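# Understanding the architecture of this molecule
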Amino acid sequence: MPDGLVAGTVPFSAVDGPGNRYVVFLQGCGWDCLVCHNPCSIPRAPAGIRPTPVAEVVAGIRDAAPFLSGVTVTGGEATLQAPFVHALFEALGDDPRTAGLTRFVDGNGDTDPGVWELLAPVTEGVMLDLKALDDERHVVLTGCSNARVLASLRDLAARDLLYEVRLLLVPGLNDADDMLRSTARWLLDLDPRVRVRVNPFRHQGSRACARDLLEPSPDDLARYRSVLTAAGVEHLTFPV
Amino acid sequence: MQLLRLQELVRACVVDPSLTYRQRVQRLAALAENALDPPPVSEACAQAQAQGVVHDMAEGNAPYRPRYVLPDYGAALARGSAHLELPPPGDLDEALAFLLAMYAAVPSITGYPVYLGDLDVLLEPYLAGLDDDAVLARLRIFWRTLDRQLPDAFVHADLGPDDARAARLLLRVDAELRQVVPNLTLRVDPDRTPDDLLRAAVLTACSDGKPHFVNHPMTVADLGADYGVVSCYNSLPRGGGAHTLVRLNLAESVRRRSLGSRDYLERALPQDVALTAELIAARVRFLVEESGFYEHDWLVREGLVDPARFTAMFGVYGLAEAVEELLVLDGVTSQDGSPARYGRDRAASDLAGALLAAVAGLVAAAPVPYCEVSGGRALLHAQSGIDSDRGVTAGARIPVGHEPQLYQHIRVVAPNHRWFPAGVSDVFRFEPSVAANPDAVVAVLRGAFREGMRDFTFDVIGNGFTRVTGYLVRDEDVTALREAAGRAGRDGAGGARHGSTFLGAGAVENQRLAERVVKQAPPAGAGDA
């Protein structure tokens, strides 16, 4: 059974999917986002992170299980360690003390096509970021094309596994009305009942390269809400 | 009391600019009552009171009404009342007016009723034929009237455990109006209370800190199906109540004369439990045998309370300090050599469990008169503190500022809840983000009840309300009171409309409630398993 490079765990989270969730942060991400709020999780194999056996992670989750709705594996980019995620989710499903927990992946969607096929049988939901529908903008924000992200969104929607799409919005970069409208239309075309969460860019945790970016103002947030709602997004959430 | 001293106190009261007219009247009544000598007790009992070990909760020297009265409002609505000269109500308007009239006539220590009934069950039959808007309009008026007419946050109503239209609408009005009155409890039966009702209750608590949640099956097992939750998490027989509540300060009891945990459990604790029971008995006897309350009160005459359904409450508090000091005497420390702390160290949890088991055993063996409903014994209660307590933690709580991570907190306190049939409280403080995901709290709540918690309550940082003992204060009221107190002389008039705000302001300060640890997810990596 593959070990995982686990950057950390959080036993109680109300902001990583439905209900109360145990969150497993996996180390390593293939992107280098301008707005990354957790840049220390980007390197694939930094010093000080030792491989963690599946059983060790399961033990931590089992201890918290009576209070949990589920488990969310995030990162870094969780799907870079898909075999570990698969083994972890399978083990959770096999243990009667954790079998009732929903298993979620929170990722960037830049994923090999075979990964969702592998994870689908042991996964109840996936939350993906869509940094920009426009590919050029996407490259500016992440350093990569969004082609595989869009493919992941289509694939997951078809499998009925797409729980939520997160829009990380940065004033002036990806928050113009027409961009929001076209993004909403594209997502609604995928799934008319799609859940969309707006994550306003925040400086907290981000790097020096993001210091000149603006945080959305309350007026911006109100505009996002009205544009996305008018475009037909019914399930729209914002951070409290 | 010396006459001159009494005159001084009366004069200070009648000219006190911070008190409303009614607050002055209530204080004058207390001064008059306390001009009498308290029911006689032994020298040892009087000494234990003087040393702060046994405390009568300042109920008054001459108990002429029970501390907690839980009328059978359902019977009153069904039969009408000769005393109130009201027939059984025929519709929602009449029912609400009936209840308001009745509340004004319920005796109490505070001057205001501590129990308003299981309002969802009481009101549900009157909702037929009315749409939601029509009901909400009436409930808003009712709710506002309760808060303005009974301005005291110990005034308490119950909901649940079953889902009902009335429960939903009452929660909705409560979340909308954001008042400290009435205090609310939702009784939760894991098999009967649906997630959706819990979710609505959690969202209400995110708005205004209410309701408190009670493990219904666990309480039914101890008190029977006919119980109510009143005032500060006091679970008591309905159609009865509690004659009195006397509390034992475990911390002072340890400090007074203890050589170590074994000595304490075998020698000092049994003596102090006996002294507490003695004070309870003296107060109950005066109430029952001398005040004549149970012969002449209208609730008794109309069968809305039954004297045989009254018990007495034996409160304990300061468990944390008692345990920590005993471990010092025992020479037991934390692994790193620092003093062992309740909430952090296993040794402290184990000793807390042993201490409470011992208290429960002693209380169960101490006969108290006129408590047939609870087998002739007092009911044990984790007393949540009063405003003037300093350096001593409420009930069986973990000290403010030292509360551990969420699950550890639950697991430390949950095993102790079994000992407290009359209620126990641990307050969990959450981040506002739970408002966007109430299911997170629902999951924690269900888990906490599975772990054996009897009572669960939370407040949300930044929503403008602080959970004190079991009641709430609005933060802005506490600030206004402080500012008024800072202004000298009569120009400083402007106390507080709610009498409980005076108490809450003292508690927020003395018990450093602002320092309650917020249950937040540690940053990624910090919570490494």
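What you see is a predicted model, and the numbers here were worked out from it, not measured in a lab. (Residues numbered from 1 in each chain as written. Chains lettered and ligands numbered in written order. Predicted model: local features only at pLDDT ≥ 70, side-chain atom pairs only at ≥ 80, totals over all residues.)

## Some thoughts on the overall build of chain A
Applied cut-off: In DSSP terms, a helix is any run of H or I states spanning at least four residues, a strand is any run of E spanning at least two, and both are numbered starting from the N terminus. Just to be clear, the radius of gyration here is over C-alpha atoms, and the globule rule we use is 2.2 Å times residues to the power 0.38. With C-beta atoms placed from the backbone, a residue is labelled by how many other C-beta atoms lie within 10 Å of its own: buried for 20 or more, exposed for 12 or fewer, partly exposed between the two. Note that contacts rest on C-beta atoms placed from the backbone: two residues are in contact if these are within 7 Å.
Helix and strand content of chain A: seven helices and nine strands. For chain A, whose C-alpha radius of gyration is 17 Å, the value lies close to the compact-globule estimate of 18 Å for 240 residues. Across its three principal directions, the C-alpha atoms of chain A cover 45 × 40 × 35 Å. Here chain A holds 240 residues, and the buried ones make up 46% of them. Partitioning the contacts of chain A with sequence separation of at least 6, the portion at a separation of at least 24 is 72%.

## A few points about the pairing of strand β12 (residues 455-460) of chain B
All names here are of chain B. Applied cut-off: Note on pairing: two strands pair once DSSP finds at least 2 bridges between them. Handedness of a crossover: with both strands directed away from the viewer, a clockwise path from the first strand across the helix to the second marks it as right-handed.
Of all the six residues making up β12, six are buried; the element is thus mostly covered by neighbouring parts of the structure. Both faces of β12 are covered, namely the face carrying D455, T457 and D459 and the face carrying F456, F458 and V460. Where strand β5 (residues 212-215) meets β12, two bridges bridge the pair, whose relative direction is antiparallel. Pairing of V214 across the sheet is with D455, part of β12. Across four bridges, strand β11 (residues 427-430) lies against β12 in parallel orientation. Among the inter-strand pairings, F430 is bridged to a residue of β12, identified as V460. Regarding topology, helix α18 (residues 438-450) serves as the crossover connection from β11 to the parallel β12, and that connection is right-handed.

## Things to note about the packing of helix α5 (residues 92-103) of chain B against helix α7 (residues 132-149) of chain B
Residues and elements named next belong to chain B. What counts is decided by this rule: Only the stretch in contact is used when a helix axis is fitted, and all axes are lines through C-alpha atoms; the angle between N-to-C directions ranges over 0 to 180 degrees. These descriptions rest on fixed angle ranges, namely under 35 degrees for roughly parallel, over 145 for roughly antiparallel, 65 to 115 for roughly perpendicular, and the rest for oblique. Residues are grouped as follows: Ala, Val, Leu, Ile, Met, Phe, Trp, Tyr, Cys and Pro are nonpolar; Asp, Glu, Lys and Arg are charged; every other residue, Gly included, is polar.
α7 packs onto α5 with a crossing angle of 10° between their chain directions and a minimal axis gap of 11 Å. Between α5 and α7, the crossing angle belongs to the class labelled roughly parallel. Across the interface between the two elements, L92, D93, L96 and L100 of α5 pack against V135, R138, F142 and T145 of α7. Considering only residue class, the contact of α5 with α7 consists of five nonpolar, one polar and two charged.

## What about helix α12 (residues 261-291) of chain B?
Defined as follows: One axis is fitted to the seven residues ending at the residue and one to the seven starting there. The bend at that residue is the angle between these axes.
At A268(B), α12(B) shows its largest bend, some 40°, and a proline, P270(B), comes one to four positions later. Positive phi appears at G292(B), one or two residues downstream of α12(B), with a value of about 75°.

## Remarks on the sheet that holds strand β8 (residues 195-200) of chain A
All names here are of chain A. Within the open sheet, the nine strands sit side by side as β3-β1-β2-β4-β5-β6-β7-β8-β9. Their pairing is mixed. The sheet is open, and its two edges are formed by β3 (51-52) and β9 (235-237), each paired on a single side. In this fold helix α5 (residues 147-158) packs onto β6 (125-129) and β7 (162-169), with an angle of close to 150° to the strand it touches most, β7.

## Here's the deal with the interface of chain A and chain B
Between chain A and chain B, the contact holds 25 residues from the first and 24 residues from the second. For the side of chain A that touches chain B, the secondary-structure elements that each account for two or more residues are β1 (4-13) and α1 (54-64) of chain A. The element that contributes the greatest number of residues to the side of chain A that touches chain B is β1(A), accounting for seven residues. Tallied by class, the residues present in the side of chain A that touches chain B amount to 15 nonpolar, nine polar and one charged.

## Quick word on the sheet that holds strand β3 (residues 156-159) of chain B
Residues and elements named next belong to chain B. Spatially, β3-β4-β5-β12-β11-β15 is the arrangement adopted by the six strands of the open sheet, whose pairing is mixed. Every other strand in the sheet has two partners, leaving β3 and β15 (518-519) as the edge strands with one partner each. Summarising the sheet, β11 and β15 pair through two bridges and their orientation is parallel. Looking at the pairing, R429 lines up with V518 of β15.

## Topic: the packing of helix α6 (residues 177-190) of chain A against helix α7 (residues 218-230) of chain A
Residue and element names in this part refer to chain A. So the rule is basically this: The handedness criterion is simple: a crossing whose near helix is rotated anticlockwise from the far helix by less than a right angle is left-handed, and one whose near helix is rotated clockwise is right-handed.
At their nearest, the axes of α6 and α7 sit 9 Å apart, and the two run at 40° to each other. Taken together, α6 and α7 sit at an angle that is classed as oblique. Between α6 and α7 lies a crossing whose hand is right-handed. Of the residues in α7, those touching α6 at D177, L180, R181 and A184 are Y224, V227 and L228. For the contact of α6 with α7, a count of residues per class yields five nonpolar, no polar and two charged.

## Concerning the pairing of β3(B)
What you see with β3(B) is no split at all: H156(B) and D158(B) on one side and A157(B) and L159(B) on the other are buried throughout. On the question of chirality, the crossover connecting β3(B) to the parallel strand β4 (residues 183-188) of chain B by way of helix α8 (residues 165-177) of chain B is right-handed.

## Re the environment of A382(B)
Mapped onto the elements, A382(B) comes out in strand β10 (residues 379-382). Apart from residues lying up to four places away in sequence, A382(B) is in contact with V316(B), G395(B), A396(B), F420(B), G423(B), V424(B) and S425(B).

## With respect to the nonpolar core
Rules: Only buried Ala, Val, Leu, Ile, Met, Phe, Trp, Tyr and Cys residues enter a nonpolar core, and they are joined through C-beta atoms within 7 Å. An automatic or database domain assignment is the source of the domain bounds shown.
Ranked by internal contacts, the top residues of the largest apolar core, which has 223 residues, are L88(A), I280(B), V323(B) and A378(B). In terms of residue count, the dominant contributor to this core is α12(B) (12 residues). Each of domain 2 (40-65 + 234-424) and domain 3 (73-225 + 428-522) of chain B contributes no fewer than three residues to this core. When neighbours within four sequence positions are excluded, A378(B) is seen to be in contact with A277(B), I280(B), T311(B), A312(B), M313(B), F314(B), V363(B), V368(B) and C371(B).

## Some thoughts on the confidence of the model for chain A
Our working rule: On a scale of 0 to 100, pLDDT captures the predictor's confidence in every residue.
For chain A, mean pLDDT is 94; residues scoring 70 or higher make up 100% of the total. Helix α4 (residues 135-142) of chain A is the least confidently modelled element of chain A, averaging 92 in pLDDT, while helix α2 (residues 82-94) of chain A averages 98, the highest of any element.

## Let's talk about the domain arrangement of chain B
Often the size quoted for an interface is simply the accessible area lost on bringing the parts together. Residues and elements named next belong to chain B. Taken domain by domain, chain B holds domain 1 (1-35), domain 2 (40-65 + 234-424) and domain 3 (73-225 + 428-522). If you average the C-alpha positions of domain 2 and of domain 3, the two centres end up 25 Å apart. Each partner contributes residues to the interface: domain 2 has 31 residues there, and domain 3 has 34 residues. Broken down by secondary-structure element, the contributors of at least two residues to the side of domain 2 that touches domain 3 are β7 (234-237) and α17 (406-413). Counting residues per element, the side of domain 2 that touches domain 3 draws most heavily on α17, which supplies four residues. Among the residues making up the side of domain 2 that touches domain 3, the classes are represented as 12 nonpolar, nine polar and 10 charged.

## Topic: unusual backbone geometry
The omega angle of the peptide bond from G75(A) to G76(A) is 15°, so this bond is cis rather than trans. Position of G76(A) among the secondary structure elements: in the loop between β4 (70-75) and α2. Following G160(B), the chain continues to P161(B) via a peptide bond in cis, the omega torsion being 0°. Counting through the fold element by element, P161(B) comes out in the loop between β3 and α8. The phi torsion at E85(B) lies on the positive side, around 55°, for a residue other than glycine. C-beta crowding within 10 Å serves as the criterion here: with 8 such atoms nearby, E85(B) is assigned to the exposed category. Positive phi, close to 50°, is recorded for R512(B), a residue that is not glycine.

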